Amino acid sequence: MAPSSVVLTIEKPSNFSLVEITGSKTSMFPEKEKAASPKQFTWVLLLKVHRALACLSWLATGAWTVFAAAKKRLALSEIKEEEPTNRGRLYRFIRAFVFISIVALFMEVIAHIKKWNLNLIQPLEVEGLVQWSYMAWLSFRVDYIAPLVLILSKFCIVLFLIQSLDRLFLCIGCFWIKHKKLKPEMDEDAYDIEDGSSFPMVLVQIPMCNEKEVYAQSISAVCQLDWPRERLLIQVLDDSDDENVQLLIKNEVSSWNQKGVNIIYRHRFVRTGYKAGNLKSAMACDYVKDYEFVAIFDADFQPNPDFLKQTIPHFKGNPEVGLVQARWSFVNKDENLLTRLQNINLCFHFEVEQQVNGLFLEFFGFNGTAGVWRIKALEESGGWLERTTVEDMDIAVRAHLHGWKFIFLNDIKVPCELPESYEAYKKQQHRWHSGPMQLFRLCLPAIVTSKMGIWKKANLIFLFFLLRKLILPFYSFTLFCIILPLTMFIPEAELPVWVICYIPIFMSLLNILPAPKSFPFLVPYLLFENTMSVTKFNAMVSGLFQLGSAYEWVVTKKTGRSSESDLLAMAEKESKSSNQEKIQRRLSESGLEMLSKVKEQKAPHLKKKKRNRLYRKELALALLLLTASARSLLSAHGVHFYFLLFQGLSFLVVGLDLIGEQMS
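Keep in mind that what you see is a predicted model, and the values were worked out from it rather than measured.

**What about the overall build of the protein chain?**
So, step 1. Each helix and strand counted, the protein chain has 20 helices and 9 strands in total.
So, step 2. Considering the protein chain as a whole, with its 664 residues, one finds that 49% of them fall into the buried category.
So, step 3. In the protein chain, of all internal contacts separated by at least 6 residues, the share reaching a separation of at least 24 is 79%.
So, step 4. As displayed, the protein chain offers around 34,600 Å² of accessible surface, 61% of which is attributable to carbon and sulfur atoms.

This is how it looks when you write it as structure tokens:
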């Protein structure tokens, strides 16, 4: 019976019939023949052609737009030597890898076109130098390269799975906290509101360096903290080397001092140790011994007036607590794609990592700002040290070794800014990933010989340092940027689909959960994290082996976007009351009038025109991944091809600095 035939059997007590319908074009159902009329088929075909043309037109327009932007960027940008010689080794390695992959792709294309079946070719039947070279490459690849790549890929996959389990357990801990509604408790009646003398003495420090865009908003916010004035002292720690900026900050401090705020201005003539040196110098003042707590805010942070009343009471009745850390919130998280992706990462860091570690382990890395320290804990831990670029993590680890406990407040948020340009973000990430490796080398002997329990030592060494600071950037760069494109030319070591697709997407979903509005950016986030792995890997290596770039400190560029909006709102409010003189007086008090005069005094030829830059390592990796995707296309790998293609395009976009703030 034919596959398309149908047998119908109808049984009755007095009758039996068998009807066989063979083929799809039977005359028993004439109405079905009308369904496939030529006119309808033509309309369906035209509709599909229209959709295909619209899709091709959209792709062509998008490709042309990207090509035009890339061409313009190449014409206007300059590849500035941002790296010393020892940091160019990674770029030279990637460049050599790219050259080898292009040669291999050329040979693979020839083999594909000529349809060589090398399993059936005898050595004496080889024709031409190219075919002989290709056979020699295959033999060498199978015998020597493939086993090494297999070992390395399996090692990286094991690290990847371990790190994924760590993330999963952190998320489970966060879900448990949400389900049980766990959070640190404080005594709301810790201090008598009517008796100012019952409040402890609090020192507030605002370290800054050449931050003319944001100094006013930070000083203003801190000066409005709700705390008895006689129990509060504000230190503005200015490390600026620009005399005009120094004058602006002095003017701002003086204006608040005249309003009755207990605020002082400090400037170091010997600017050593960066932020750690600045804080260490301020803590050496004689009057600091009269204070019990110190709150620290970077120049772009704007605490709410009730910040101290929401944090200081957690120390009451808990003499073993040395640090209370608040969460960050971001005023410019929706400014561009770069800030949106940063917001995903930092929301996971605070909501999951910091909250879980703070509640269950009573230890986490101090974020350097928006926190309150017990001064006794700082002193017993050795104070601020200038030995690394992560002085905040340094003091947190030493305080933990001395037995101090930390509290993280996820509900208390302090507004601040995210870097809006890729250049600023890259420098920030380099410092954040090289510093922990410096610190690990320095702290390892102290951790091993400390009196802490074995579990706390293991958590500090294997989880806090090795897994989250070393293994994460290592496997991310090695597995997805080196091994994956390499396996396209070594099919014997091909990575399974679940490694490059299923688990990364699942882990990215977990990362986005604390920021649910960012779900549309799931794929860009996954690609961008892999793209940033080259910067993080380079920073990790430089910090681990103490290369020259590990000690670089670059102040993250601020835009003052929130202060601009505040100023605009203030101007509108004042203009509605038709009191222009009051507006001028307020501007003068905040130093903004002086800032405009300073800007006007600058000669036009002295103004440095900012441009977006090109990043060599990212561009080289883009070429490598796109080459590997072309090789994957020849083998019809499917998922591997799409991953390599989009990851290569992601590297290209970042290498051309088309993400983040765009300079005109």
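**What to know about the sheet that holds strand 4 (residues 232-238)**
So, step 1. In spatial order, the strands read 5-4-3-6-8-7-9; together these 7 strands make up an open sheet with mixed pairing. Strands at the two margins of the open sheet, each flanked by one partner only, are strand 5 (263-267) and strand 9 (405-416). For this sheet, the mean inter-axis angle between neighbouring strands, taken without regard to orientation, is 20 degrees.
So, step 2. Looking at chain direction, strand 4 and strand 5 are connected through 5 bridges and run parallel. Its bridge partner being in strand 5, Ile234 is matched across the sheet by Ile263.

**Focus on the UniProt feature "transmembrane region" (unreviewed entry) in the protein chain**
So, step 1. The sites that UniProt annotates as "transmembrane region" (unreviewed entry) are residues 49-70, 90-113, 144-162, 460-489, 495-513 and 614-634.
So, step 2. Across residues 144-162, the secondary structure splits into 100% helix and 0% strand, with the terminal C-alpha atoms separated by 28 Å.
So, step 3. In residues 614-634, helix accounts for 90% and strand for 0%; the two terminal C-alpha atoms are 31 Å from one another.

**Overview of the pairing of strand 6 (residues 293-296)**
So, step 1. The alternating pattern of strand 6 places Phe293 and Ala295 on one face and Val294 and Ile296 on the opposite face, and all of these are buried.
So, step 2. Relative to strand 6, strand 3 (residues 202-208) is paired through 4 bridges, and the arrangement is parallel. Within strand 6, the position partnered with Leu203 by the bridge is Val294.
So, step 3. In the sheet, strand 6 pairs with strand 8 (residues 371-374) via 4 bridges, with the strands oriented antiparallel. Residue pairing in the sheet places Val294 in a bridge with Trp373 of strand 8.

**Let's talk about the environment of Leu509**
So, step 1. Here Leu509 is to be found in helix 14 (residues 497-512).
So, step 2. On the basis of relative accessibility, which here comes to 32%, the residue Leu509 falls in the partly exposed class.
So, step 3. Here the alpha-carbon distance between Leu509 and Val523, two residues 14 residues apart in the chain, equals 9.7 Å.
So, step 4. With sequence-adjacent residues up to four places away left out, Leu509 is seen in contact with Phe519 and Leu522.

**Structural notes on the nonpolar core**
So, step 1. Membership of the largest hydrophobic core comes to 89 residues, with the highest contact counts inside it found for Ile219, Trp373 and Val397.
So, step 2. With 7 residues, the single largest contributor to this core is strand 9.
So, step 3. Residues contacting Ile219, with those up to four places away along its chain left out, are Ile206, Met208, Val236, Ile249, Glu252, Val253, Trp256 and Ile263.
So, step 4. Leu90, Leu467, Leu479 and Met540 belong to the second-largest nonpolar core, a separate cluster that totals 45 residues.

**Focus: the packing of aromatic side chains**
So, step 1. Overall, the coordinates contain 25 aromatic pairs when judged by the stated rule.
So, step 2. Ring plane angle 85 degrees and centroid distance 5.6 Å describe the contact between Phe366 and Trp373, whose orientation is recorded as edge-to-face. In this structure, Phe366 and Trp373 share a single accessibility class: buried.
So, step 3. These aromatic residues form a ring-pair network of at least three members: Phe301, Trp328, Phe350, Phe363, Phe364, Phe366, Trp373, Phe406, Phe408, Phe440, Phe464 and Phe465.
So, step 4. When the ring centre of Tyr91 is taken as reference, the NZ or CZ atom of Arg616 above it lies at 4.4 Å.

**Regarding helix 15 (residues 522-544)**
So, step 1. The end-to-end C-alpha distance of helix 15 is 31 Å, a good match for the 33 Å that 23 residues give at a rise of 1.5 Å each.
So, step 2. The largest bend in helix 15 comes to about 30 degrees, at Ser533.
So, step 3. Immediately downstream of helix 15, the backbone of Gln546 shows phi near 55 degrees, a positive value.

**Focus on the confidence of the model for the protein chain**
So, step 1. Mean pLDDT over the protein chain works out to 83, with 79% of the residues at or above the 70 mark.
So, step 2. Every residue in residues 16-34 is under pLDDT 50, and counting partners more than four places away or in other chains gives 24 contacts.

**A few points about the packing of helix 5 (residues 215-223) against helix 6 (residues 243-258)**
So, step 1. Packing of helix 5 against helix 6 leaves a shortest axis separation of 10 Å and a crossing angle of 20 degrees. Classed by the angle they form, the pair helix 5 and helix 6 counts as roughly parallel. Crossing geometry of helix 5 relative to helix 6 is assigned as right-handed. Residues Tyr215, Ala216, Ile219, Ser220 and Cys223 of helix 5 touch helix 6, and the partners they reach there are Leu248, Ile249, Glu252, Val253 and Trp256.
So, step 2. Among the residues making up the contact of helix 5 with helix 6, the classes are represented as 8 nonpolar, 1 polar and 1 charged.

**Describing unusual backbone geometry**
The phi torsion of most residues other than glycine is negative, and most of the peptide bonds are trans.
So, step 1. Non-glycine residue Tyr274 carries a positive phi angle of around 55 degrees.
So, step 2. Relative to the assigned elements, Tyr274 resides in helix 7 (residues 274-283).
So, step 3. By relative accessible area, Tyr274 is classed as partly exposed at 41%.

Basis of the calculations
- Residues numbered from 1 in each chain as written.
- Predicted model: local features only at pLDDT ≥ 70, side-chain atom pairs only at ≥ 80, totals over all residues.
- Heavy atoms only, no water.
- Helix = DSSP H or I, 4+ residues; strand = E, 2+ residues; numbered from the N terminus.
- Buried < 20%, exposed > 50% of the residue type's maximum accessible area, 1.4 Å probe, protein only.
- Contact = heavy atoms within 4.5 Å.
- Areas by Shrake-Rupley, 256 points an atom, 1.4 Å probe, with all protein chains shown as cover.
- Pairing = 2+ DSSP bridges.
- Axes fitted to C-alpha atoms, helices over the stretch in contact; angles between N-to-C directions.
- UniProt positions renumbered as here; feature names shortened; annotations may be inferred.
- Core = buried A, V, L, I, M, F, W, Y, C linked by side-chain atoms within 4.5 Å.
- Phe/Tyr/Trp six-rings, centres within 6.5 Å; stacked < 30°, edge-to-face > 60°.
- Lys NZ or Arg CZ within 6 Å of the ring centre and 35° of its normal.
- Expected span 1.5 Å × (residues − 1).
- Bend = angle between axes of the 7 residues up to and from the residue.
- pLDDT = per-residue confidence, 0-100.
- Parallel < 35°, antiparallel > 145°, perpendicular 65-115°, else oblique.
- Left-handed = near helix turned anticlockwise from the far one by under 90°.
- Nonpolar A, V, L, I, M, F, W, Y, C, P; charged D, E, K, R; others polar.

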